[in-house]
Amino acid sequence: MTAKLGYLLPTREQIMQGRPETGPLLALAERAAGLGYDSVWVGDSLTARPRHDPLTLLAAVAGRVPGLTLGTAVLLPALRNPVLLAHQVATLDQLSDGNLILGVGFAADRPNIRTEFAAAGVPFEHRIGRMIEGLRLCRALWSGQPVDWNGRWQLAGAVVAPTPARPGGPPLWIGGNLPASLERAGKHFDGWFPIAPNAPEFAVGLQQVHMVASAHGRDPAAISGAMYLTVSLDDDPAAANARLNGFLERYYDQPAELTRRRQACYAGPASGMAEWIGSYAQAGADHLVVRFAGDHERHLEAVAKLRHV
């Protein structure tokens, strides 16, 4: 498998289990790096699915495992003031020596997520425009040059320091499978990072993203293709599926079959996963971020071995 391999830390799961301590999460990040994983990722939510703050936790990972690529899967920029976000991300990028990837999203339309936006004082209906403008403002601030801005936010000669270690700031990856999402990825972002399609659909979607990029004068080869995958391994397929279904139902508070229609999931033996995950690499994915349903130590080791199959 030629694609880079990423690991999603179980921040949401630990909170659901009443285990808020960060030590075990940092130990898992260190273990993943020791097994050869290329990156460690953290999800985001305020009140809809409570968990550790992703930027703060990734700063701790950067100190614990220098040189490891860090990412958000995914951050919700619309919930945050972009000037503060630009400052936090620039500092985190410095801590990681420029090894940060900012996976971003605009959130699904569900009652608990609407409530989350209301709690943050952000109009849910305006989240996409707010996200796009906010990230444009972040990029302007990451240049280190004085920024004048007249939009949702008002700036006059504003400068944020430090600037990111990576010139221009970290790559911005976005997901989504609808035509508007592919258009958005090709026009504005550095990577396409969906959670849903199978490998053949991923190949088609990535090709569309690259076509949009080319049509807007961008280099398609500079746009990454990545996937967010959920995995439950067991030699007994029935046991693997039962574990995956239970995990998804607890995580999303809805029937597992609904989530499995919308997300790329695998349940079964490691031998079958090798072919499944490899199909995404063959479809053009250059980074695969894996979320495990239970028993992270065992899953980390089993999936790491697949790179040599």
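So, here's what we can say about the structure. Values in this document were obtained by computation on a predicted structure and should not be read as measured data.

The next thing to look at is the overall build of the protein chain. Secondary structure assignment for the protein chain yields twelve helices and eleven strands. For a compact globule of 309 residues, the expected C-alpha radius of gyration is about 19 Å, and the protein chain comes in at 19 Å, within 12% of that figure. Within the span of the protein chain, comprising 309 residues, buried residues form 52% of the whole. Contacts spanning at least 24 positions in sequence make up 70% of the contacts within the protein chain whose residues lie at least 6 apart. Total accessible area on the protein chain is roughly 13,000 Å²; 53% of this is exposed by carbon and sulfur atoms. Considering the protein chain, the positive charge centre built from 28 side chains and the negative charge centre built from 28 side chains are found 3 Å apart.

Of the residues making up helix α12 (residues 296–306), those classed as buried are H296, H299, L300, A302, V303, A304 and L306. Buried positions along α12 lie against β1 (4–8), α1 (11–16), α2 (23–34), β9 (224–233), α11 (270–282) and β11 (287–292).

So, on to the packing of aromatic side chains. Under the definition given, this model contains 13 aromatic pairs. Here the aromatic rings of W41 and F193 are separated by 5.4 Å at their centres, their planes lie at 50°, and the arrangement is tilted. One end of the pair, W41, is in strand β2 (residues 39–42); the other, F193, is in the loop between β8 (191–192) and α8 (199–215), with 152 residues separating them in the sequence. Their ring planes at 50° and their centres at 4.7 Å tell us that Y251 and Y252 sit as a pair that is tilted. Among the residues examined, Y251 registers a relative accessible area of 5% and is labelled buried. Judged by its relative accessible area of 13%, Y252 is buried. Connected via pairs of aromatic rings, a cluster forms that spans W192, F202, Y266, W276 and Y280. When the ring centre of F124 is taken as origin, the NZ or CZ atom of R127, which lies over that ring, is 3.9 Å away. For R291, the ring lying beneath its charged end belongs to Y251, and the centroid distance is 4.8 Å.

Okay, the nonpolar core next. Y7, L9, Y37, M131, M273, W276 and Y280 are the most contacted members of the largest nonpolar core, which totals 84 residues. Setting aside anything within four residues of it in sequence, one finds L9 in contact with L25, L28, A29, V40, W41, V42, L57 and V61. One finds A240, L248, Y252 and A256 within the second-largest nonpolar core, a separate group that totals ten residues.

Another point: the side chain of E133. By secondary structure assignment, the location of E133 is in helix α6 (residues 127–142). At a separation of 2.9 Å, a polar atom in the side chain of E133 contacts the side chain of W149. A distance of 2.7 Å separates the side chain of E133 from the side chain of R152, its partner in a polar contact. When residues no more than four places from it in sequence are discounted, the contact partners of E133 are W149, G151, R152 and W153.

With that settled, the discussion passes to the packing of helix α7 (residues 179–188) against α8. Viewed as axis vectors pointing N to C, α7 and α8 meet at an angle of 50°, and their least axial separation amounts to 7 Å. On the basis of the axis angle, α7 is oblique to α8. Seen from above, α7 lies across α8 with right-handed handedness. Residue-level inspection shows L182, E183, A185, G186 and K187 of α7 in contact with α8, the latter providing G205, Q208, V209, V212 and A213. Taken together, the residues that form the contact of α7 with α8 break down as five nonpolar, three polar and two charged.

Another point: unusual backbone geometry. For the peptide bond that leads from A73 to V74, omega is -10°, which places it in the cis range. Tracing the sequence through the fold places V74 in strand β3 (residues 69–75). Cis geometry is adopted by the peptide bond preceding P162, which originates at A161 and carries an omega value of 0°. By secondary structure assignment, the location of P162 is in the loop between β6 (154–158) and β7 (172–174). Here D97, not a glycine, exhibits a phi torsion of approximately 60°, which is positive. Owing to a relative accessible area of 58%, D97 belongs among the exposed residues under this scheme.

Let us now look at the pattern of salt bridges. All chains considered together, the criterion is met by 14 salt bridges. As a salt-bridge pair, E297 and R31 come within 3.6 Å of each other at their nearest N and O atoms. Of this pair, E297 sits in helix α12 while R31 sits in helix α2, and the two are 266 residues apart along the sequence. Overall, R31 belongs to the partly exposed group, its relative accessible area being 31%. In this structure, R114 and E125 form a salt bridge, with 2.9 Å as the shortest nitrogen-oxygen distance. A residue pair is termed long-range when its members are at least 10 positions apart, and R114 in helix α5 (residues 111–119) and E125 in the loop between α5 and α6 qualify at eleven residues.

Rules of the game
- Residues numbered from 1 in each chain as written.
- Predicted model: local features only at pLDDT ≥ 70, side-chain atom pairs only at ≥ 80, totals over all residues.
- Heavy atoms only, no water.
- Helix = DSSP H or I, 4+ residues; strand = E, 2+ residues; numbered from the N terminus.
- Rg over C-alpha atoms; globule rule 2.2 N^0.38 Å.
- Buried < 20%, exposed > 50% of the residue type's maximum accessible area, 1.4 Å probe, protein only.
- Contact = heavy atoms within 4.5 Å.
- Areas by Shrake-Rupley, 256 points an atom, 1.4 Å probe, with all protein chains shown as cover.
- Lys, Arg positive; Asp, Glu negative; His and termini not counted.
- Charge placed at Lys NZ, Arg CZ, Asp CG, Glu CD.
- Phe/Tyr/Trp six-rings, centres within 6.5 Å; stacked < 30°, edge-to-face > 60°.
- Lys NZ or Arg CZ within 6 Å of the ring centre and 35° of its normal.
- Core = buried A, V, L, I, M, F, W, Y, C linked by side-chain atoms within 4.5 Å.
- Polar contact = N/O pair within 3.5 Å; in protein donor to acceptor, adjacent residues only side chain to side chain.
- Axes fitted to C-alpha atoms, helices over the stretch in contact; angles between N-to-C directions.
- Parallel < 35°, antiparallel > 145°, perpendicular 65-115°, else oblique.
- Left-handed = near helix turned anticlockwise from the far one by under 90°.
- Nonpolar A, V, L, I, M, F, W, Y, C, P; charged D, E, K, R; others polar.
- Salt bridge = Lys/Arg side-chain N within 4 Å of Asp/Glu carboxyl O.

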